[in-house]
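Understanding the architecture of this molecule
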Amino acid sequence: MSRLFRALVIVLLAASCGGGGGTTAPRNLDNACSILQQRPGYLRAFRAAERKWGVPVHVQMASMYQESKFKSDARTPFRYTLGVIPMGRQSSAYGYSQALDGTWQEYVDDQRRFRARRNNIKDATDFMGWYMAESNRRLGISLNDARNQYLAYHEGRTGFARGSYNRKAWLLRVADEVAARSVVYQGQLATCRRLR
């Protein structure tokens, strides 16, 4: 075997073994304290976004739970033709915040964060804070209102302004779940030890 081929085989074997720590979700996603104890970097990222944009940690966490279950490489499912032929993903949503390509690019351009990545928790929380702060500014949605912030996040600000979510009973149910999770996370965060 040539050196190049041998090196390529070694690199591929090493890449296929282990790793994955960055893409796996924390355990016990129903407990905010547990999530943040497992991933201290998350807490730093959420707090930085809260300081910069004013979006409470519990609102960010509830929205991120719904969007990606805290998986850095989350993507939408594939669409299939004839039930078996993959025709691409349902959307370009990717990463912790499930930001669409176009919306992410708008954020990158607006904030001049050209190295920002959707699978980086610091960048994803900053994006989420930016988006929600803009929804507050443009639509008057309180930064503490997890339900309506999530509806604007999911539908886009124009869709939210038009009330497009009112024709989607499933989305209204999901938004209520985000709001309920936000309240639960808020209560849990108030009692967390070693997070203050």
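This text follows the structure it describes.
Residues numbered from 1 in each chain as written. Predicted model: local features only at pLDDT ≥ 70, side-chain atom pairs only at ≥ 80, totals over all residues. Heavy atoms only, no water.

Some remarks on the packing of aromatic side chains
Counting across every chain of the model gives 13 aromatic pairs. Considering the side-chain rings of Trp104 and Tyr107, the 5.1 Å spacing of their centres and the 55° angle between planes classify their relative orientation as tilted. Of the two residues, Trp104 and Tyr107 are both situated in helix H5 (residues 101–111); the distance of 3 residues between them amounts to about one turn of the helix. For Tyr107, a relative accessible area of 0% translates into the label buried. Among the aromatic residues, those joined into a ring-pair cluster are Trp104, Tyr107, Phe127, Trp130, Tyr131 and Tyr153. Positioned over the ring face of Trp130 is Arg157, at 5.8 Å from the centre of the ring. (Phe/Tyr/Trp six-rings, centres within 6.5 Å; stacked < 30°, edge-to-face > 60°. Helix = DSSP H or I, 4+ residues; strand = E, 2+ residues; numbered from the N terminus. Buried < 20%, exposed > 50% of the residue type's maximum accessible area, 1.4 Å probe, protein only. Lys NZ or Arg CZ within 6 Å of the ring centre and 35° of its normal.)

Side note on the state of the cysteines
Tallying each qualifying case throughout the model produces 1 disulfide. Linked covalently through their sulfurs, Cys33 and Cys192 form a disulfide whose S-S length is 1.7 Å. Judged by the sign of its S-S torsion, about -95°, the bond between Cys33 and Cys192 is left-handed. Pair noted here: Cys33 is in helix H2 (residues 32–38) and Cys192 is in the segment after helix H8 (169–191), with a separation of 159 residues, a long-range link. Here Cys33 falls in the buried class, since its relative accessible area comes to 13%. (Disulfide = S-S within 2.5 Å.)

A closer look at helix H4 (residues 57–68)
In a regular helix each residue adds 1.5 Å, so 12 residues correspond to 16 Å; H4 covers 16 Å between its end C-alpha atoms and thus fits that length. Counted residue by residue, H4 has 11 buried out of 12 residues, so it is predominantly covered. Taken together, the buried positions of H4 are Val57, His58, Val59, Gln60, Met61, Ala62, Ser63, Met64, Tyr65, Glu67 and Ser68. As for H4, its buried residues are in contact with H2, helix H3 (40–53), helix H6 (121–139), helix H7 (146–162) and H8. Phi for Lys69, located one or two positions after H4, is positive at around 55°. (Expected span 1.5 Å × (residues − 1). Contact = heavy atoms within 4.5 Å.)

Quick word on the environment of Arg138
Tracing the sequence through the fold places Arg138 in helix H6. By relative accessible area, which is 46% here, Arg138 ends up partly exposed. Put simply, Arg138 and Arg157 are 19 residues apart on the chain and 8.2 Å apart in space, counted from C-alpha to C-alpha.

Description of the pattern of salt bridges
Throughout the structure, instances matching the rule amount to 10 salt bridges. The salt bridge partner of Arg113 is Asp123, with a shortest N-O separation of 2.4 Å. Of the two residues, Arg113 sits in the loop between H5 and H6 while Asp123 sits in helix H6, which places them 10 residues apart along the sequence. Classification of Arg113 by relative accessible area gives partly exposed; the value is 25%. Across the pair Arg147 and Asp176 runs a salt bridge whose closest N-O atoms are separated by 2.6 Å. (Salt bridge = Lys/Arg side-chain N within 4 Å of Asp/Glu carboxyl O.)

Geometric descriptors of this kind do not, in isolation, establish any biological role.
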